[in-house]
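Spelled out from the first residue to the last, the chains are:
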Amino acid sequence: MTQVITEQINMEALKKAIDDVFYNQIDSTILYYLQSCVNCKACEAACPFTPTSLKYSPVNKAEVARQLYRYRFTVWGRTIGRAIGGSKKYLKLDEVETMVDYVWHCTNCGACMFVCPMGIDSGALIDLLRQVAFKAGLVPSIYKEIEQLEVSGKYWEVKAFRDAWEGLISKMKSQLGKDIPLDKKSSEVLFYASIYEALVYPDVLVKVAKILDTLKVDWTFMSKPLGIRPPLALILGDKEGAAEVMKRILDYFTEMSPKYVMLTSGGFEYPALRYMMHEIFEIKPKYEVVHVTELLAKWYEMKRFTIESTDELITWHDPCQLGRRGGVFEAPRVLMRALSKNFKELPSHGVNSICCSRGGGGCGLPTMIEDMAKLIGITIDEKSKKFLDSTIVPLINAGKLKVDEINKVKASEVLTGCPVCIESISFAVNYYHANTQVKHIVDLLADRIKKV
Amino acid sequence: MQIPFGLYPVGLNLYPLALDLFIPTIFIFFAGASYRVTRYFVTYNKPFIVYTTQVRGITQGEKIKELFNTFANSSKVGIKRKPATTAVGLLMHIVLILIIFLLAQHMIFWAYYIPPYQILFPLAIPESSADGQLAFFRGSTPYTSTPYPFVHDIWGPLTIILNGQYLTYLLIIFLAIYLAHKFSVVVERLSIRAGDWWFFVLLFVDVVLGFLATSHIPNNVYWYDNLLGAHILVAEIIIATLPFTRGFHMFEFYLGKLREWYFMIMRRGMK
């Protein structure tokens, strides 16, 4: 995975990046993560990348961060630690390659934190390394170009994106048979979506609009998306870029001032827009950012509608960012139980759900990145292609775990709430010829909701 | 020779030296622990809590249930996905805790320095299984009365297996497995730290020394005093270095899990 980058390493920039990140980011939580690991390797059991190689286990990946920390913040690290290889001031060329390789083998799904006996979030430490890589210019160019398009706001100048968004709005209008409310202030629900969603599952978004219309909700949609899949910068380790994008989103949400901002994606946008954005700017919002399942479960329990139930054997995949990072576990299950009398849990679910191995850090399927590059007009050179292709291996390995679990429960449909999970698990299902379909929960709900 | 503030002359064997060094050891431990804890306070940033969610109502009962789940989850998942290493790890911890805090000889040592520790005396476990066997098979009771209960008072015949001797056998086996695991990590070229060797090797050596001393191997007073002294000295090295090594997890474990619970349940209202 690293060949794209190694030829371009600027060692001075790298050293500066290491110092910047490690001297500026240590707070008590990160300090705890750095110094309290007992190297028990319990986290191996949870990481979707461990089946690819033990070197990708969270503890092994995070060790690079710990070595850099020890040199800077411990007496042992500066003295004996250095002599016995336990700490490093900077990284050598081959160590940089390893570091870059590691950062693209972590989705920051958080599974390691819940199985760690010490509650250590190794993803947070790998994120530090990702920030180092970004500052040192060691991000694959294909990712960087897409991200910069979002940060700069120029994404809206891309014709393919405009077409996708305008096409989506037209489709909503034609399905509802009337105009849809755009950028309406003080509505009950601001229906939020990104360009990425408009590209990968426009039908799901149209169905959400249909549900809102059926339930006669006071809602509004965005005349213009707020990013490609904002804040993309966050998963590339670009903190400043992420803050810039989040500020734009925050301003829009504040101006619209709805009661709820409703997301269909349970990917990294969910914790970013619900929690991180407001934590960074220290603003207590007057609205609440929710996932579509949260709002629908609440309305269902309030008896605003009923759900037509079937006997179909269905299961739910917990998206890592919606569940472990966002805290949403119960709401989708309320809907799943209403959808079918035969709702079965996957053997690993809830906080222990096996990550689809993409999303927050894996940056989606290579085919999806390639398609997007084509849309934007970015040329994918041979090295980038090689890098993207190499990202398939962990997808296949992690996918096997997921498919085995799906086969165990014999589910005819796997429902979830994140576009990347749908893509990744569908890939694995096809790869292993499993007999199931992967869908967004709204896909099923839309036709089964009956207004009371 | 008398070391400053020492109570015993040093030079004949390691035992008086070990006893003299116990208080300095504790001082080093507290100094190190204070340093480690102070660093947390110095780097602490008060979190900005966005909101307590309106769409997820989590009850007090659920919060407590989740606290138990938070602590239990790693073991539950470990047993399912990594049964061998998890089982060895859990058993090793149980045995280690029992032997450090409940072995009768250790309890007397702790109670000497921390008198309220005496309250746990009824839970003391004996040095060997002979005591349990005598109580169970011969129905024998103590010949003379003592101010404290005898080691088999609560555990009864269980002391046939629950005793320092058998627990030490288990501990030696578990620690050997751990050390072998560390060697396998080296072979696989995965990350291993100096602290891993430090802690496990010292622990292993200490257990063996304690076992030899308690078992009177070799059987003479000179060796007994030296082995017991060495056992205490190695334990002191472990204690003094706890705040600087992985050993400190025996305290921080609770901090980490409570933080995880607070983050997910109190701040994010996980439901």
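Where an unreviewed UniProt entry is consulted, chain A appears under the name 4Fe-4S dicluster domain-containing protein, with the organism given as Sulfurisphaera ohwakuensis.

Novice: Quick rundown of the packing of helix H8 (residues 164–187) of chain B against helix H9 (residues 194–214) of chain B? Include the residues and the values.
Specialist: All names here are of chain B. Contact geometry of H8 with H9 gives a least axis separation of 10 Å together with a crossing angle of 155 degrees. Overall, the two elements H8 and H9 adopt an arrangement that is roughly antiparallel. Judged by the sense of rotation from one axis to the other, the crossing of H8 with H9 is left-handed. Residue-level contacts link Thr-168, Tyr-169, Leu-171, Ile-172, Leu-175, Ala-176, Tyr-178, Leu-179, Lys-182, Phe-183 and Val-186 of H8 to Asp-196, Trp-197, Phe-200, Val-201, Leu-203, Phe-204, Val-207, Val-208 and Phe-211 of H9. A per-class count over the contact of H8 with H9 returns 17 nonpolar, one polar and two charged.

Novice: So, the interface of chain A and chain B: which residues are in play, and what are the values?
Specialist: At the interface, 66 residues of chain A touch 48 residues of chain B. Taking both partners together, chain A and chain B bury about 4900 Å²; carbon and sulfur atoms supply 52% of that area. Taken together, the connections running from chain A to chain B amount to five salt bridges. Notably, a salt bridge pairs Glu-63 of chain A with Arg-193 of chain B, separated by 2.9 Å at the nearest N-O pair. The interface formed by chain A and chain B includes 39 residue pairs in polar contact (both at pLDDT 80 or more). In terms of residue count, the dominant contributor to the side of chain A that touches chain B is helix H4 (residues 58–73) of chain A (seven residues). Its residues assigned to classes, the side of chain A that touches chain B shows 36 nonpolar, 13 polar and 17 charged.

Novice: Pulling in residues and values, what's your account of a nonpolar patch on the surface?
Specialist: On the surface, Trp-76, Ile-80 and Ile-84 of chain A together with Phe-27, Ile-28, Tyr-35 and Phe-244 of chain B cluster together to form a nonpolar patch covering roughly 750 Å² of accessible area. When residues in the nonpolar patch are grouped by element, the largest group, three residues, is from helix H2 (residues 22–42) of chain B.

Novice: Provide a residue-level description of the UniProt feature "transmembrane region" (unreviewed entry) in chain B, including the pertinent values.
Specialist: Residues and elements named next belong to chain B. Annotation from UniProt places "transmembrane region" (unreviewed entry) at residues 14–35, 90–113, 166–185, 197–217 and 223–244. Here residues 14–35 runs as 95% helix and 0% strand, with 30 Å between its end C-alpha atoms. A helix fraction of 86% and a strand fraction of 0% characterise residues 223–244, whose end C-alpha atoms lie 32 Å from each other.

Novice: Report on the pattern of salt bridges, specifying residues and quantitative values.
Specialist: Counting across every chain of the model gives 39 salt bridges over all chains. Across the pair Asp-447 of chain A and Lys-210 of chain A runs a salt bridge whose closest N-O atoms are separated by 4.0 Å. Here Asp-447 of chain A is found in helix H23 (residues 441–448), whereas its partner Lys-210 of chain A is found in helix H13 (residues 202–214), with 237 residues between them in sequence. Classification of Asp-447 of chain A by relative accessible area gives partly exposed; the value is 47%. Put simply, Glu-63 and Arg-70 of chain A together with Arg-193 of chain B are held in one network by salt bridges that share partners.

Rules used in this analysis
Residues numbered from 1 in each chain as written. Chains lettered and ligands numbered in written order. Predicted model: local features only at pLDDT ≥ 70, side-chain atom pairs only at ≥ 80, totals over all residues. Heavy atoms only, no water. Axes fitted to C-alpha atoms, helices over the stretch in contact; angles between N-to-C directions. Helix = DSSP H or I, 4+ residues; strand = E, 2+ residues; numbered from the N terminus. Parallel < 35°, antiparallel > 145°, perpendicular 65-115°, else oblique. Left-handed = near helix turned anticlockwise from the far one by under 90°. Contact = heavy atoms within 4.5 Å. Nonpolar A, V, L, I, M, F, W, Y, C, P; charged D, E, K, R; others polar. Buried area = accessible area lost by both parts, 1.4 Å probe. Salt bridge = Lys/Arg side-chain N within 4 Å of Asp/Glu carboxyl O. Polar contact = N/O pair within 3.5 Å; in protein donor to acceptor, adjacent residues only side chain to side chain. Patch = residues over 30% accessible without salt bridge, like charges linked within 9 Å, V, L, I, M, F, W, Y side chains within 5 Å. Areas by Shrake-Rupley, 256 points an atom, 1.4 Å probe, with all protein chains shown as cover. UniProt positions renumbered as here; feature names shortened; annotations may be inferred. Buried < 20%, exposed > 50% of the residue type's maximum accessible area, 1.4 Å probe, protein only.

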